[in-house]
Structures are given as C-alpha cells and as structure tokens.
Amino acid sequence: MRLLSSLKGFALATLIATTVLAADDIRMAEFEAYNDRYNEIIANYDLEAFMNLYNDSPLWIEPDKAPIAGLEVPGGTFGFIVQNEGALTHTFDELKISDDGSQAVMIGTYALDIEKVGAKAEGTYLFVLERNGDSWDIVVDMFNQHAAE
C-alpha cells in the first residue's frame, strides 16, 4: 500500500513538473517569436512597427546618461539607423516573468553596425515588458556597450 501511495505521489509530481516545463517552453517560444519579430522590424526599417513595440512613455536608459522617458529617443535612434542604412540585431538569452504574468524581463545581446558613420557596437540589452492584451509593450529599454576587445 505504501509503495502504491509513493508511486501515485511520484506520478503526480512528474505530471506537475511536466506541465510547468511545458508552460515554460510555451513562454520561451512566445518571447523567441517576439525577438524574431523585433529583428524583422529592424531589418525592414519599419519605424511605425518599431514605435508600436513601446508603450506611450517608455524609459530609455543608455550608458553614461540619465534615463529619459518618452518615445522621442527610441524613435530618433531607430530613425538614425534607418537614415544611415544601419543594422541592429538582438539575441534573446534570458527571461524572467512575474508570477501574475503581467510583466517580463528579456535580456540578450545586441550588435549594431552603421557603416556610413563608422559606428559599430556590441553589448547587452534589457527590456522590461508589460502585458498589453495579447502582446507585450516595452516599458524600459536599457543597454550597455561592451568594451572593445
């Protein structure tokens, strides 16, 4: 009887662990798709779609500068990339999601190359995202540049 009870407990624990892992896989796939979409928007120089990734007043945090709220800096930055036919790509490496599923933090690396102006950089980015219906809005966009090797 004790063995049967132990087997039932093991089976239940395995089922719960499998369900949690499946949910985590679904969440990872959702954010991998988000990252792919981000890279596609950049590659297509789609300023409107880029601006729609953000909420109305995101916080932009870049190295050695005070944080700035609003859409002007992200829009201007991407506009500069578009104007100079630059390239920007993101990888997606880490994900943290709030228990209630309303916020997430995406962390990865970026590579920037704007040959026309001689700008090349690599670093780490961090997005704080907020659930907006079926999608996610960037509410904090923070990055740093790695030192040249």
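Relevant structure appears above.
For clarity, every value in this text was computed on a predicted model and none was experimentally measured. (Residues numbered from 1 in each chain as written. Predicted model: local features only at pLDDT ≥ 70, side-chain atom pairs only at ≥ 80, totals over all residues. Heavy atoms only, no water.)

### Quick look at the nonpolar core
Judged by nonpolar contacts, the single largest core of 25 residues is most densely connected at F31, F50, L53, M106 and L129. Where this core is concerned, the elements lending two or more residues are helix 1 (2-43), helix 2 (47-51), strand 1 (54-61), helix 3 (72-83), strand 5 (103-114), strand 6 (119-132) and strand 7 (135-145). In terms of residue count, helix 1 provides more of this core than any other element does, 5 residues in total. Each residue touching F31, except ones within four places of it in the same chain, is listed here: F92, L95, I97, A104, M106, L129 and W136. (Core = buried A, V, L, I, M, F, W, Y, C linked by side-chain atoms within 4.5 Å. Buried < 20%, exposed > 50% of the residue type's maximum accessible area, 1.4 Å probe, protein only. Helix = DSSP H or I, 4+ residues; strand = E, 2+ residues; numbered from the N terminus. Contact = heavy atoms within 4.5 Å.)

### Re the environment of N84
When you line up the elements, N84 lands in the loop between helix 3 and strand 3 (87-90). Taking the C-alpha atoms as reference points, N84 and I114, 30 residues apart in sequence, are found 6.6 Å from one another. For N84, the residues in contact, after removing those within four places along its chain, are I114, K116 and V117. There is a polar contact of 3.0 Å between the side chain of N84 and the backbone oxygen of F80. (Polar contact = N/O pair within 3.5 Å; in protein donor to acceptor, adjacent residues only side chain to side chain.)

### Focus on the packing of aromatic side chains
Aromatic rings in a pair are described by how distant their centres are and how their planes are angled relative to each other. If you walk through the whole model with that rule in mind, you get 8 aromatic pairs. Each ring, one from F50 and one from F78, has its centre 4.5 Å from the other, and the planes form 25 degrees; the classification is stacked. Of this pair, F50 sits in helix 2 while F78 is found in helix 3, placing the two residues 28 residues apart along the sequence. Judged by its relative accessible area of 1%, F78 falls in the buried class. Here a set of aromatic residues connected by ring pairs shows up, and it is made of Y38, F50, Y54, F78, Y125 and F127. (Phe/Tyr/Trp six-rings, centres within 6.5 Å; stacked < 30°, edge-to-face > 60°.)

### Some words on the layout of surface pockets
In this structure, the largest pocket encloses a volume near 400 Å³. Secondary structure elements with two or more residues in the lining of the largest pocket: helix 3, strand 3, strand 5, strand 6 and strand 7. Split into classes, the residues belonging to the lining of the largest pocket amount to 16 nonpolar, 3 polar and 3 charged. (1 Å grid on protein atoms, 1.4 Å probe; cavity = no way out; pocket = protein on both sides within 12 Å on 5 of 7 lines; lining within 4 Å. Points joined across faces, edges and corners; volume = space filled by probe spheres on them. Nonpolar A, V, L, I, M, F, W, Y, C, P; charged D, E, K, R; others polar.)

### Quick look at the environment of E30
When you line up the elements, E30 lands in helix 1. Distance from E30 to S135, taken between C-alpha atoms, is 9.7 Å for residues 105 residues apart in sequence.

### A word on the side chain of N35
By secondary structure assignment, the location of N35 is in helix 1. On the basis of relative accessible area, N35 is assigned to the buried category, the value being 6%. Setting aside residues no more than four positions away along its own chain, N35 makes contact with H90, T91, F92, M106 and Y125.

### Topic: helix 3
Spanning 12 residues, helix 3 covers 16 Å between terminal C-alpha atoms, matching the ideal 16 Å at 1.5 Å per step. Along helix 3, the residues classified as buried are P74, G75, F78 and I81. For helix 3, the buried positions fall inside an angular range of 125 degrees around the axis, keeping them on one side. In helix 3, the exposed residues that point more than 90 degrees away from the buried face are E72 and Q83. (Expected span 1.5 Å × (residues − 1). Arc of directions from axis to C-beta.)

### Thoughts on the pattern of salt bridges
The tally for this structure, following the rule as stated, stands at 3 salt bridges. Here R131 and E30 are joined by a salt bridge, their closest N and O atoms 3.5 Å apart. Placement of R131 in strand 6 and of E30 in helix 1 is noted, with a sequence separation of 101 residues between them. On the basis of relative accessibility, which here comes to 33%, the residue R131 falls in the partly exposed class. Taking relative accessible area as the criterion, E30 reaches 29% and is therefore assigned partly exposed. The residue K116 makes a salt bridge to E85 at a minimum N-O spacing of 3.3 Å. Of this pair, K116 sits in the loop between strand 5 and strand 6 while E85 sits in the loop between helix 3 and strand 3, placing them 31 residues apart in sequence. Given the relative accessible area of 55%, E85 is considered exposed. (Salt bridge = Lys/Arg side-chain N within 4 Å of Asp/Glu carboxyl O.)

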